[in-house]
Amino acid sequence: MMGRFSSAIGSKRVNIALFAVAVILLLVSAVGGTRAALSYYSDTYLARLSISDIGVTLLENGNKVAWRNYEGNDSWSTPKTEEADRLLQDLLPAGEQFQIGRAYPEQLQVSNTGQINQYVRVKLYKYWEDKDGNKTNVVSPDLIKLEMAKDSGWVVDEGDSTDERTVAYYSRVLESGSTTPALTSSISVDPAVTHMVTESREEGPDGTITIKYDYKGLRFCLEAEVDAIQEHNVSDAALSAWGKNLTVNNGELSLG
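In short, a report on the structure. The shown structure was predicted, so the numbers you read here are calculated from the model rather than taken from an experiment. Counting from 1, residues in each chain are numbered in the order their sequence is written. Residues qualify for local features only when their pLDDT is at least 70, as the model is predicted, and side-chain atom pairs are given and counted only at 80 or more; totals for whole chains, interfaces and linings, by contrast, use all residues. Heavy atoms from the whole structure form the basis of all side-chain values; hydrogens and water molecules are not counted.

Here is the rule: rings of Phe, Tyr and Trp (six-membered ring for Trp) pair when centre to centre is within 6.5 Å. Planes less than 30 degrees apart are stacked, more than 60 are edge-to-face, and the remainder are tilted. If you walk through the whole model with that rule in mind, you get five aromatic pairs. With centroids separated by 5.3 Å and ring planes inclined at 50°, the aromatic side chains of Trp154 and Tyr170 adopt a geometry described as tilted. Here Trp154, found in strand β10 (residues 154-156), pairs with Tyr170, found in strand β11 (residues 165-170); they are 16 residues apart in sequence, far enough to count as distant. Only protein chains enter the area calculation, which uses a 1.4 Å probe; residues under 20% of their type maximum are buried, those over 50% are exposed, and those in between are partly exposed. Its relative accessible area of 11% is what places Trp154 among the buried residues. Its relative accessible area of 7% is what places Tyr170 among the buried residues. Site record: aromatic cluster; members linked through ring pairs are Phe98, Tyr104, Trp128 and Phe220. Two thresholds decide whether a charge sits over a ring: the Lys NZ or Arg CZ must be within 6 Å of the ring centre and within 35 degrees of the ring normal. A cation over a ring is seen here: Lys64 above Trp67, with NZ or CZ 4.9 Å from the ring centre. Note on conventions: DSSP H or I runs of at least 4 residues are helices, E runs of at least 2 residues are strands, and numbering of each starts at the N terminus.

Below, the structure is given as structure tokens:
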């Protein structure tokens with residue numbers, strides 16, 4: 001196959017076309033995402049409450065993908081199978097291939113499935129993995145574009161966020177049985193990914209040239225981590241659980 005392109009391999013147009021096809025094929029394998037982790041960290045303040053009051057659920061495009069609800073006798077309700085708590089499983093419509101630059105719906109929400117009002121925090125991680133499942137910096141995580149929803153009541157902690165990690169707090173109390181507005185709206189891969197590689201060339205004995213790219217085998221991943229604190233004494237609880245100075249004025253949470 002490469003023989004047909006040997007006479008034009010120096011053409012920038014040919015190189016880009018070959019590269020784009022390869023990236024699409026590789027990124028399709030990324031669909032399925034990674035596990036969404038839910039946990040609580042405020043041992044000090046949860047000790048003052050009945051543990052049966054606790055519960056939280058993560059929604060993706062309206063579907064439950066992960067949850068942690070107390071069921072009594074020191075047991076918790078969580079997804080029953082490994083596949084149940086994975087993000088991006090339904091990223092592509094049936095029969096479609098992934099398209100670089102196209103924005104796909106990715107609306108993440110949090111439901112309070114416990115018995116007490118809470119304030120919640122979400123940490124989102126986006127990164128690339130190689131074919132063996134190891135994180136790699138060959139391609140910047142900033143090229144995975146996770147669009148944040150506008151005017152949703154979520155506040156991004158810019159000081160604690162990086163190209164790989166986004167930390168956001170829902171600024172309003174999340175009442176028992178309620179669900180937040182969407183934190184995010186879509187996910188895509190920046191077309192600039194086609195320029196963020198180093199190519200190497202191998203010339204065969206028959207004069208054909210094979211081009212290899214460092215990105216080969218990479219896939220993009222998304223993780224979500226949700227935790228919560230009680231509404232009562234929220235400033236002290238936030239400092240104990242999250243190490244953050246947060247204040248509440250008229251029910252609105254703000255970063256200190």
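To define a nonpolar core, start from buried Ala, Val, Leu, Ile, Met, Phe, Trp, Tyr and Cys residues and group those joined through side-chain atoms within 4.5 Å. Membership of the largest hydrophobic core comes to 34 residues, with the highest contact counts inside it found for Val110, Ile187 and Phe220. Those elements that place two or more of their residues in this core are β2 (55-60), β3 (63-72), β6 (108-111), β7 (118-129), β9 (144-148), β11, β12 (184-189) and β15 (219-230). Judged by nonpolar contacts, the second largest core, of eleven residues, contains Ala237, Ala241, Leu246 and Leu253.

In this section: the sheet that holds strand β5 (residues 104-105). Strand order in the open sheet formed by three strands is β5-β12-β9, with antiparallel pairing between adjacent strands. Both outer strands of the open sheet, β5 and β9, are each paired with one neighbouring strand and no more. For β5 and β12, the ladder comprises two bridges, and the chain directions are antiparallel. Residue Tyr104 lies in a different strand from β12, and its bridge partner there is Ile187. Two strands are said to pair when DSSP picks up at least two bridges between them.

On to the environment of Thr166, then. Mapped onto the elements of the fold, Thr166 is located in strand β11. The class for Thr166 is buried, based on a relative accessible area of 18%. Residues Thr166 and Tyr125, 41 residues apart in the sequence, show an inter-C-alpha distance of 6.6 Å. In this analysis, two residues are considered to be in contact whenever any of their non-hydrogen atoms come within 4.5 Å of each other. Contacts of Thr166, omitting those with residues within four sequence positions, involve Val122, Lys123, Leu124, Met148, Val156 and Ser161.

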